[in-house]
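Structural overview
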Amino acid sequence: MLLVHCPWCGPREEVEFRYGGQAGIAYPTDPDALSDEAWADFLFMRDNPKGAFAERWYHAAGCRRWFDAVRDTATHAFLPADHRDRARR
Amino acid sequence: MTPGRLAHGGAWIDRSKPVLFTFDGTELEGFQGDTLASALLANGVVGGFRSPILGRPRGIHAAGVEEPNGYVEISAPWFDAIAAATTVPLVDGLVARSRAGVGRLPEDPGSVATPRVAHRFVHVEVLVVGGGASGRAAARAASQEGDRVLLVDEHPVLDAPATGSDMTILANATALGVYDDGYAVVLERTVDIVVWHVRAGRVVLATGAIERPIALAGNDLPGVMLAGAAQTYVERYGVRPGERAAVFATNDPGFGVADVLRQAGVDVVRTVDARSGELVIEALGAERLERILVRTTDGREEAFDVDLLAVSGGWNPNLGLWRSIGGGLRYDDERAAFVPDGGPPWLSVEGRAAGDVPAGTPLWFVEHGDDAAKFVDLQRDQTVADIAEAVGGGLRSVEHVKRATYIGTAVDQGRTSGVLAAETVSRLLGEAAGAQGPSNARPPYAPASYLSLAGPTRGDLLDPIRTTPMHPWHVAHGAAFENVGQWKRPWFFPRDAEPMHRAVERECLAVRNGVGAMDASTLGKIEVVGADAPAFLDRMYTNRMSNLAVGSIRYGLMLGLDGMVLDDGVAMRLAEDRYLVTTTTGGAATVLDRFEEWLQTEWPDLRVYCTSVTEQWAVVAINGPRAREVVSATGTDVDVAREAFPFMTFRDGHVAGVPARLARVSFSGELAYELHVPAWHGLEVWEAVMAAGEPFGIEPYGTEAMHVLRAEKGYVIVGQDTDGSVTPHDLGMDWIVNLSKGDFIGRRSLRRSDLVRTDRKQLVGLLPDDARALLPEGAQLVVEDTGRIPMPLAGHVTSSYQSAALGRAFALAMLAGGHEMHGTTVFAPLPEGTLACTVTSPVPYDPDGERRDG
């Protein structure tokens, strides 16, 4: 079980959280303008890197706030936030 | 004195405290501090076990958790389906039976004594697993740094004391698993069980090393024992494991055991040093070891009569926990062992587990003799011949060999066989030593019962039970309950010994012809408040909520981003900036989370606050042609007249003398009122309604009648008629999708090519040609019954009931292209015969909605 670092509450047990998938996928400003392919890309396609990955977490059984974190998918270790830009690229 | 017990010695036993126990029906005596295994050896029980597959005689082989042979079922003073005799502490009145490696559940689980189980949660800076010399040193060092330390050891006592400030020592405690970020689960076992959930800043594994056997012909006979185990029985338990012994080893400590045995009065007749080329090539005996054959360096064969062969093939660092959390391994040639190499930063390994084991010349199996008698995995009865067969069949990886032979998959997790199997594979393939790593290890490290892992979270404590304020009334009136999420909801109210279908029929007829009342308090309720609440709800629901008048109610459908129906409910506009939205009973938490997610992550600019008020309101739903009369009779200051209080509006006022919100919504199609009252008034208002309704023949009804009534009207239940792959169009609910109001969640997906296919499964009604034939929910439908399986499937039944109002059975179904198939016949092929059904509209009852206003 991971120890997830909530920016508001500090380190808490993973069972208090819900995983929110890849971070930084913004809702399109005009979905109608997107082709089926572009919309499907937004809807379904996510990165699956080995290594640093910016992802969303929700402290559902705590402060109930969403936040982004960077985690190494191979070691499960949470990384300092400055990995975030690298992970997004 | 029992025959195997020495006159003196035994550091762990207390000779002043004899203990009586029973093994396979015979009463025996041991001492406090014994394990079941040491006590058996003390009583001269050398064999006593059988191998699980071949049924060969077996005896105690080891002295710890690595034991492959000596498994027992314990029936007193507690029950355990399977445990290694080497790890069972001897207690007075222990009753054990030998088990051939496979546990068995009691026929009547209620008849066995189960240990009490508690779960504890602790935080420490350092967790040390293993209380040997290096574990104690690590614990001491950490304690001196001021860290909180937890030291756990699977044995009942430590070899030497360990003390320090803020140090907790758990004996009889096995770390079952070490997980991410210093989380560990430790099972502490005396008579009762404590499962410790430990979160540690760092974890030190001082788990020692496990002695290796040598695969030689006949090595599974009782009397063949790991050398270190023989030493343990002498030194810790004062037990002599044999009378005449030989020692066969590849390393100096192995031969040290010969001295220990001699001092204990054992006649050591031969030591065989594999390093010089001498070999024990066969162990012989019928029910136990009687003789060994030794092949000398010059090729002669000598026979020795012995009843104990102590074997040491070297030592494997005990790295099961290390590997289960992703620690790497490296083969160390000098030590002929896999040692730790690379792992998480918070995890370290100390002592013998870290590779501090004696150097030696590896000897995995003896070339001479019958390969089919050289056992690699004693618990799976697998030999060198079995591995050779797997390799000969083309397998090249130990992981594949493991799956072909099951080596390492038994209760002992292959602690003595894993590395031996890997090296045997390497040898047979002509690879270098260490070319194959041992197969992977997974938690739990040692057998743990479900009972212990479940702890107190079983029975009524398995999951929180939620009940409504009216629950005591339901119980007192004999309701049968069903679980809806965590809620207990009345399912139906049987009268006398009435069967379910009679009760449901009676409850449905009451609503259709008279009046019924249902406890609807479990409906999810969320208050959505703020200046931007109208705009927010327009984005969350498929229809428009911003133009809903204050005092009015509107049904709403919520989609996923993928356009699939996610939840439904109604929205009541309480004020310009305030809505109360309801959700399905099971969907309340999901919907609230979803609101929060969008508000926090995409639209932080919206001024909206969401509050769950599910448990703040009790709801009585009064349905039926006489509902208005019942509400009036209950006493209200709200004008409930047909014209004054139209459908899909609500009024604030009083009912039965308490503040109430009255709402004209109906899930049955009949005239209906919902009374929303503060939860603490729920029971009294319910009782008032039942009393006021008595002259009108009011019946309480449960969820089953509610399901029938709503299905007769074609109202879907999200999660029953839908399964996450159903769009509003599939349900025939285009009327609720407002494509012109602007964007809403799921809108863009509704145009995706797959969602506009005309052959998607669509909601229809089904009338079985045999009016009494009830289709099973989930039954598959075909357009043409070819009589041969497989047939092209066209859909499936989602809801199916006997309808008193229709006087026949009917069903709702999802049917490919169903909207265009009304009037046609489809078939449900069932084991007991095929049912033909006519496809209809999904609203078989009151299709024009003439009954809702009474």
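Residues numbered from 1 in each chain as written. Chains lettered and ligands numbered in written order. Predicted model: local features only at pLDDT ≥ 70, side-chain atom pairs only at ≥ 80, totals over all residues.

A closer look at the overall build of chain A
In terms of helices and strands, chain A carries 2 helices and 6 strands. Listed N to C, the secondary structure of chain A is β-β-β-α-β-β-β-α in terms of helices and strands. Of all intrachain contacts in chain A linking residues separated by at least 6 positions in sequence, the fraction that spans at least 24 positions is 54%. (Helix = DSSP H or I, 4+ residues; strand = E, 2+ residues; numbered from the N terminus. Contact = placed C-beta atoms within 7 Å.)

Thoughts on the overall build of chain B
Looking only at helices and strands, one finds 16 helices and 46 strands in chain B. Against the compact-globule benchmark of 29 Å for 854 residues, chain B has a radius of gyration of 37 Å, which places it well outside the compact range. The dimensions of chain B, computed from C-alpha atoms along their principal axes, are 110 × 65 × 60 Å. For chain B, buried positions account for 50% of its 854 residues. Looking at chain B alone, contacts between residues at least 24 apart form 63% of all its contacts between residues at least 6 apart. (Rg over C-alpha atoms; globule rule 2.2 N^0.38 Å. Buried ≥ 20, exposed ≤ 12 C-beta atoms within 10 Å, placed from the backbone.)

Details of the sheet that holds strand β7 (residues 94-98) of chain B
All names here are of chain B. As summarised here, the arrangement of the 5 strands in space is β2-β1-β7-β5-β6, forming an open sheet in which the pairing is mixed. At either end of the open sheet lies a strand with only one pairing partner, and these are β2 (26-32) and β6 (80-84). If you compare each strand with its neighbour and ignore which way they point, the axes differ by 40° on average. By the bridge criterion, 4 bridges tie strand β5 (residues 71-76) to β7 in an arrangement that is antiparallel. Paired with Ile 74 across the bridge in β7 is Ala 96. (Pairing = 2+ DSSP bridges. Axes fitted to C-alpha atoms, helices over the stretch in contact; angles between N-to-C directions.)

Describing the pairing of β5(B)
Residue and element names in this part refer to chain B. Pairing of β5 with β6, which is carried by 3 bridges, proceeds in the antiparallel orientation. Residue Val 72 lies in a different strand from β6, and its bridge partner there is Ala 83. Turn length for the β5-β6 hairpin, with the two strands adjacent in sequence and antiparallel, is 3 residues.

A word on the nonpolar core
Residues and elements named next belong to chain B. If you look at the biggest cluster of nonpolar residues, it comprises 134 residues, and the most contacted ones within it are Val 247 and Leu 309. Among residues more than four places away in sequence, those in contact with Val 247 are Ala 227, Gly 254, Phe 255, Val 257, Ala 258, Val 268, Thr 271, Val 272 and Ala 310. Core analysis: the next-biggest nonpolar cluster, separate from the first, contains 102 residues, Cys 610, Ile 622, Val 685 and Val 718 among them. (Core = buried A, V, L, I, M, F, W, Y, C linked by C-beta atoms within 7 Å.)

Observations regarding the sheet that holds strand β34 (residues 578-583) of chain B
All names here are of chain B. Read across the open sheet, the 5 strands follow the order β32-β33-β34-β31-β35; overall the sheet is antiparallel. Taken across any chain shown, the strands that pair with only one partner, and hence form the sheet edges, are β32 (553-559) and β35 (609-612). Going across the sheet, the axis of each strand differs from the next one's by a mean of 30°, ignoring polarity. Where strand β31 (residues 524-529) meets β34, 6 bridges bridge the pair, whose relative direction is antiparallel. Bridge pairing in β34 places Val 529 opposite Arg 578. Packed onto the sheet, helix α12 (residues 533-540) meets β31, β32, β33 (565-575) and β34 and runs at close to 130° relative to β31.

With respect to the interface of chain B and chain A
Each partner contributes residues to the interface: chain B has 20 residues there, and chain A has 17 residues. When residues of the side of chain B that touches chain A are assigned to their parent elements, the largest contribution, 5 residues, is made by helix α13 (residues 588-601) of chain B. Considering only residue class, the side of chain B that touches chain A consists of 4 nonpolar, 4 polar and 12 charged. (Nonpolar A, V, L, I, M, F, W, Y, C, P; charged D, E, K, R; others polar.)

What to know about the packing of helix α14 (residues 627-634) of chain B against helix α15 (residues 682-693) of chain B
All names here are of chain B. Remark: α14 packs on α15, axes separated minimally by 8 Å, with the N-to-C direction vectors making an angle of 115°. In this structure, α14 crosses over α15, and the sense of that crossing is right-handed. Of α15, the residues touching α14 (which contributes Val 630, Ala 633 and Thr 634) are Ala 688, Val 689, Ala 692 and Gly 693. Of the residues that constitute the contact of α14 with α15, the class distribution is 5 nonpolar, 2 polar and no charged. (Left-handed = near helix turned anticlockwise from the far one by under 90°.)

Side note on the domain arrangement of chain B
According to the domain assignment, chain B consists of domain 1 (370-437), domain 2 (471-520 + 617-709), domain 3 (524-615) and domain 4 (757-854). Contacts between the two partners involve 10 residues from domain 2 of chain B and, on the opposite side, 11 residues from domain 3 of chain B. (Domains from an automatic or database assignment.)

Topic: unusual backbone geometry
With an omega of 0°, the peptide bond between Ala76(B) and Pro77(B) qualifies as cis. Its location among the elements puts Pro77(B) in the loop between β5 and β6. A cis amide bond links Ile789(B) with the next residue in sequence, Pro790(B), at an omega value of 0°. By the secondary structure assignment, Pro790(B) is in the loop between β42 (780-781) and β43 (795-803). The phi angle at Arg64(A) is positive, at roughly 60°, despite the residue not being glycine.

A short note on the packing of helix α3 (residues 227-237) of chain B against helix α4 (residues 252-263) of chain B
Residues and elements named next belong to chain B. The N-to-C vectors of α3 and α4 enclose an angle of 30°; their axes lie 9 Å apart at closest approach. Of the possible angle classes, the one that applies to α3 and α4 is roughly parallel. As α3 packs across α4, the resulting crossing turns out to be left-handed. Here Ala 227, Ala 230, Gln 231, Val 234 and Glu 235 of α3 come into contact with α4, specifically with Gly 254, Val 257, Val 260 and Leu 261. Looking at the contact of α3 with α4, its residues break down into 6 nonpolar, 2 polar and 1 charged. (Parallel < 35°, antiparallel > 145°, perpendicular 65-115°, else oblique.)

Thoughts on the confidence of the model for chain B
For chain B, the average pLDDT comes to 94, and 100% of its residues sit at 70 or higher. Scoring of the predicted complex yields 0.89 for pTM and 0.94 for ipTM. (pLDDT = per-residue confidence, 0-100.)

Topic: the environment of Val737(B)
Residue and element names in this part refer to chain B. Here Val 737 is to be found in the loop between α16 (703-712) and β41 (761-768). Residue classification places Val 737 among the buried residues on the basis of 20 C-beta atoms within 10 Å. Setting aside residues no more than four positions away along its own chain, Val 737 makes contact with Thr 542, Asn 543 and Pro 728.

Brief notes about the environment of Val19(B)
All names here are of chain B. Inspection of the secondary structure assignment puts Val 19 in strand β1 (residues 14-23). A sequence separation of 73 residues divides Val 19 from Asp 92, and the C-alpha atoms of the two residues are 5.0 Å apart. Aside from chain neighbours lying at most four places away, what touches Val 19 is Glu 29, Gly 30, Phe 31, Gln 32, Asp 34, Leu 90, Val 91 and Asp 92.

Examining the environment of Lys525(B)
All names here are of chain B. Here Lys 525 is to be found in strand β31. Separated by 95 residues in sequence, Lys 525 and Val 620 have C-alpha atoms that sit 14 Å apart. Look past the residues within four positions of Lys 525 in its chain and what remains in contact with it is Leu 580, Thr 582, Val 613, Thr 614 and Trp 617.

So, the pairing of strand β12 (residues 183-189) of chain B
All names here are of chain B. By the criterion of burial, β12 is predominantly enclosed, with 6 of the 7 residues buried. Looking at chain direction, strand β11 (residues 173-179) and β12 are connected through 6 bridges and run antiparallel. Across the sheet, Ala 173 pairs through a bridge with Glu 188, a residue of β12. Sheet topology places β12 next to strand β13 (residues 193-205); 7 bridges connect them, and they run antiparallel. In the strand pairing of β13, Leu 187 is matched with Val 195. Adjacent in sequence and paired antiparallel, β12 and β13 are bridged by 3 residues.

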